[in-house]
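For reference, the chains in residue letters:
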Amino acid sequence: MRNLTILLLSLFLLFSCSTFTSTEGPEWTRVTPHPASAVAFVGSGTGSDDSSARAAAYMNILEQLGTELGYDAVSPYYRELLSTNAISSLSASIVNTYSAPVNEGTAYYAMLEIPEDIYYSSRSEEYSAAIERTDEIGRLLDSSLESYRANQDTDTLLSILRALDLSLSGNVNNDEYSPEALLDKAIGYLENIGIRIVSGSRGTDVSVRMNRMRGIMHPAIVNGLVEVRYTMVNGNGGHIESSVVLRTDGDGIAAFFRTNPYMLWNGTLYFSAYVPQDLISSIEAKAPEGFLDPLLALLENNTVEYRYVDSGNMLPANTVISVTEYGEDGLQLELSSAYTAFASYLSSASAGGFRVVIGEGEEEKDVVSSLMELYPDLDNYILLRVGIADSDSGAGRVYVLAEARLSFYHAGDEEPYLVRELTVTGGGNSEEEAGAEALRRAGTAGAGMFLSVL
């Protein structure tokens, strides 16, 4: 009995001498609550007594508040909060306090509540924008992961690049969303996208497969965006670059077919992962010079080339094209403006293998008969007849109207199976100069019409 009494007395003395720790305080001192229609901040501080510990805790609250509002909250609110336990302009007040002894001092906890509507309206515009920007980047990155799990890697890449564009637009509240980190992430995904030619049966009919370069079985990339770049002829016969975007099927296959008649008939197709130029331009406009160079270099290095030669529906060896030019009186001219422009345009389009000659005859039936006699045993006879229809002048300039008719004949036919017509205008300082310009434009336009049929 005496031993039991000694044991109980020892336990009493042990616990009565213990000091409080943070785990012994109220739940709100460990986990900040989320009250309805309000925002809570819990601050803590230590001091030699309750007063100094309380001052440290209130300072801690205001430091947190300033971080969330986006501006200094200590200078305008500290004195008021310390003396009144409230901040009148924010309708905020201290709703809970707790203190406990610690080594040679006091630990103090305080909780401040602010009405939710006042809290959000008090944020600085810049900070609110940073929060929205950070949230949107987070959503884009979540979307990129969903796309990757579905093997839609180009959608993954575009989501990350859009997040990168946002991160360059202003401050963000997450170090993992820095432009450098997001660029590295985009490069990592792009490195894993591969394209290879799987078939090229005739001319520009080409299929490619897009797949991952790493991972088990190198899975196909589905709904992948493949950009195909090629060279075409513009309205003046010059070369410009054009492109089309294809989407891969469930097997990662995308097929390209000629849909642009002005695409070169002998050239190169360039296949690459698609990144919109406006997105690239937006990033480059916000980033330091050269920032995007590693990604652009990788895009170029991963581009696959395919050389092609296409002749369309007519073989040059079995086709002859005549160009005949007429004056306003209907008589054949000795000029060759339309003929030269027509032949030059075909040559620029890499379709120069077609035989182009100057036709003879006042009427179409005369021209086609002459052509079939001069070039027998061919399959296709094409006639371009260009004539000056009218002229006018004004403000020191002369304007001439020219009409053109493009007719397609099969060997032995007396009537064309296809006819295309157009009208153009040419200007100059004299009627002769304006007429030559009108005929030249008609020849160029006629060549474009021929390629559209071809």
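Residues numbered from 1 in each chain as written. Predicted model: local features only at pLDDT ≥ 70, side-chain atom pairs only at ≥ 80, totals over all residues. Heavy atoms only, no water.

Caption draft 1: Broad picture of the environment of Val244. Relative to the helices and strands, Val244 resides in strand S8 (residues 239-247). Sequence separation between Val244 and Asn260 is 16 residues; the distance between their C-alpha atoms is 9.8 Å. Residue contacts for Val244: discarding those within four places in its chain leaves Val226, Glu227, Val228 and Phe256. (Helix = DSSP H or I, 4+ residues; strand = E, 2+ residues; numbered from the N terminus. Contact = heavy atoms within 4.5 Å.)

Caption draft 2: Structural detail: the layout of surface pockets. Within this model, the largest pocket holds a volume of roughly 250 Å³. Forming the walls of the largest pocket are 15 residues, and the residues nearest its centre are Tyr326, Arg385, Val386, Gly387 and Glu403. Mapped onto the lining of the largest pocket, the elements with two or more residues apiece are strand S14 (380-394), strand S15 (397-410) and strand S16 (418-428). The residue makeup of the lining of the largest pocket, split by class, is six nonpolar, four polar and five charged. Lining the second largest pocket we find Glu227, Arg229, Ser272, Ala273, Tyr274, Val275, Gln277, Ile280, Leu296, Leu299, Glu300 and Thr303. Breaking the lining of the second largest pocket down by element, the ones donating at least two residues are strand S7 (225-233), strand S10 (266-273), helix H8 (277-286) and helix H9 (293-301). It is H9 that provides the largest number of residues to the lining of the second largest pocket, a total of three residues. Residues that form the lining of the second largest pocket fall into these classes: six nonpolar, three polar and three charged. (1 Å grid on protein atoms, 1.4 Å probe; cavity = no way out; pocket = protein on both sides within 12 Å on 5 of 7 lines; lining within 4 Å. Points joined across faces, edges and corners; volume = space filled by probe spheres on them. Nonpolar A, V, L, I, M, F, W, Y, C, P; charged D, E, K, R; others polar.)

Caption draft 3: How the structure looks around the packing of aromatic side chains. Enumeration over the complete set of coordinates arrives at nine aromatic pairs. A centroid spacing of 6.1 Å and a plane angle of 35 degrees characterise the contact between Tyr98 and Tyr109, whose relative ring orientation is tilted. In this pair, Tyr98 is assigned in strand S3 (residues 92-102) and Tyr109 in strand S4 (residues 105-115), connecting sequence segments eleven residues apart. The burial state of Tyr98 is the same as that of Tyr109; both residues are buried. Considering the side-chain rings of Phe408 and Tyr417, the 6.1 Å spacing of their centres and the 55 degrees angle between planes classify their relative orientation as tilted. Each member of the aromatic cluster is reached from another via a ring pair, and the members are Phe342, Phe354, Phe408, Tyr417 and Phe450. The ring of Tyr148 carries Arg212 above its face, with NZ or CZ at 3.7 Å from the centroid. Looking at Arg258, its charged tip hangs above the ring of Trp265, at a distance of 3.6 Å from the centre. (Phe/Tyr/Trp six-rings, centres within 6.5 Å; stacked < 30°, edge-to-face > 60°. Buried < 20%, exposed > 50% of the residue type's maximum accessible area, 1.4 Å probe, protein only. Lys NZ or Arg CZ within 6 Å of the ring centre and 35° of its normal.)

By themselves these figures say nothing about function.
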